[in-house]
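Commentary on secondary and tertiary structure
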Amino acid sequence: MVHDGRLAAERVGNQWLVPASALRRAEASRLAPGRPLRMSSAWHLISQLDQEGPEDADSLEFLRRRARSRARHAEFYVHPFALDRLGPRVVLGGRAAAEHAGAPVDAGEARDVYVRASNYPLLIEQWHADRAPNEPNFHLHVVDDAAWPFASGQHFAGPWVAWLDLADQGDRAADTLLDRLIGGRWR
């Protein structure tokens, strides 16, 4: 996973040091068993969640793992100045979308960003993104143009998409947003 760039690590001598936060993200990103969903199918599941809400904690966790295929995910470091100027071709998810949905979370310094696959190469070049997974501040979710679920001019993802982003990263803000979405916690 380290060699594939899926797990952040630093080599010191002959040992690899892996930050605990990277291990939490790796654990949270495990896929559900079975064949991965197509992007369009994953977005369909998310739209059902928007309409009906989750049945219970187990079904929500199962959906989270299945909906991981909603995009291709990559982590980068982008200069903080560039993060403030993301522009209209992207949709913000994660903490920014959770804050926009009214959850009592701080948007933080890192960004979850959804981008159309056709805009991806230009934006990576424009933002001078560095694929440095040790300290990523930019979680990019690339969605195929045919599966793009967001309305024209939409700047923030919906609250369930924000929850998926946070839960996939093992961010504790996912629990805060979930409390807001379901009106409390499941027992």
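No experiment lies behind these values; they were computed from the predicted model shown. (Residues numbered from 1 in each chain as written. Predicted model: local features only at pLDDT ≥ 70, side-chain atom pairs only at ≥ 80, totals over all residues. Heavy atoms only, no water.)

1. Regarding the overall build of the chain
Just so we agree on the cut-off: Note on conventions: DSSP H or I runs of at least 4 residues are helices, E runs of at least 2 residues are strands, and numbering of each starts at the N terminus. Throughout, exposure labels follow a simple rule: accessible area from a 1.4 Å probe, protein chains only, divided by the maximum for the residue type, with under 20% read as buried, over 50% as exposed, and the rest as partly exposed. Note on contacts: a residue pair qualifies if any of its non-hydrogen atoms lie within 4.5 Å across the two residues.
When its secondary structure is counted, the chain shows 8 helices and 6 strands. Shown N-terminal to C-terminal, the secondary structure of the chain runs as helices and strands in the order β-β-α-α-α-β-α-β-α-β-α-β-α-α. Scored against the burial criterion, the 187 residues of the chain give a buried share of 42%. Counted over contacts in the chain with a minimum sequence separation of 6, partners at least 24 positions apart contribute 75%.

2. Focus on the packing of aromatic side chains
Convention followed: Each aromatic pair joins two rings of Phe, Tyr and Trp (for Trp, the six-membered one) with centres within 6.5 Å, and gets the label stacked for planes under 30 degrees apart, edge-to-face for over 60, and tilted for any other angle.
Tallied over the full model, the rule gives 6 aromatic pairs. Judged by centre distance (5.0 Å) and plane angle (70 degrees), the rings of Trp148 and Phe150 are edge-to-face. Taken individually, Trp148 and Phe150 each receive the classification buried, so the pair is uniform in this respect. In textbook terms, an aromatic cluster arises when at least three aromatic residues are bridged by ring pairs, as seen for Trp43, Tyr114, Trp148 and Phe150.

3. Considerations on the sheet that holds strand β5 (residues 111–116)
Working definition: the strands of a sheet are paired by backbone hydrogen bonds and lie parallel or antiparallel to each other. We apply this condition: Here, a strand pair is defined by DSSP locating no fewer than two bridges between the strands. Note on definitions: angles span 0 to 180 degrees between N-to-C directions of axes, and those axes are lines fitted to C-alpha atoms, for helices only across the stretch in contact.
The strand order β3-β6-β5-β4 describes an open sheet built from 4 strands, whose pairing is mixed. Each edge of the open sheet is held by one strand with a lone partner, namely β3 (72–76) and β4 (90–93). Ignoring strand direction, the axes of neighbouring strands in this sheet form an average angle of 25 degrees. Where β4 and β5 come together, 4 bridges link them in antiparallel fashion. Across the sheet, residue Gly93 finds its bridge partner in β5, namely Asp112.

4. Brief notes about the side chain of Arg64
Rules: Residues adjacent in sequence count toward polar contacts only when both atoms are side-chain atoms; beyond that, a polar contact is any pair of N or O atoms within 3.5 Å, and within protein one must be able to donate a hydrogen and the other to accept it.
Position of Arg64 relative to the elements: it lies in helix α3 (residues 57–66). Exposure remark for Arg64: the relative accessible area of 3% places this residue in the buried category. There is a polar contact of 2.8 Å between the side chain of Arg64 and the side chain of Glu61.

5. Some details on the environment of Leu181
Relative to the helices and strands, Leu181 resides in helix α8 (residues 173–182). Leu181 sits in the partly exposed class, given a relative accessible area of 27%. With 128 residues separating them along the chain, Leu181 and Gly53 place their C-alpha atoms 8.6 Å apart. Leave out the neighbours within four places in its chain, and Leu181 touches Pro159, Trp160 and Trp163.

6. A short note on the pattern of salt bridges
Heads up, the rule is: One side-chain nitrogen of Lys or Arg within 4 Å of one carboxyl oxygen of Asp or Glu is enough to make a salt bridge.
On inspection of all chains with the given rule, the structure shows 8 salt bridges. In this structure, the salt-bridge partner of Arg70 is Asp165, at a minimum N-O distance of 3.0 Å. Of this pair, Arg70 sits in the loop between α3 and β3 while Asp165 is found in helix α7 (residues 159–168), placing the two residues 95 residues apart along the sequence. Look at Arg70 and you get buried, because its relative accessible area is 0%. Across the salt bridge formed by Arg72 and Asp144, the nearest N and O atoms sit 2.9 Å from each other. Residue Arg72 is found in strand β3, and its partner Asp144 is found in the loop between β6 (138–143) and α7; the two are separated by 72 residues along the sequence. The exposure class assigned to Asp144 is partly exposed, which follows from its relative accessible area of 31%. Shared partners join several salt bridges into a network, and the residues in it are Glu61, Arg64, Arg65, Arg68, Arg70, Asp165 and Asp168.

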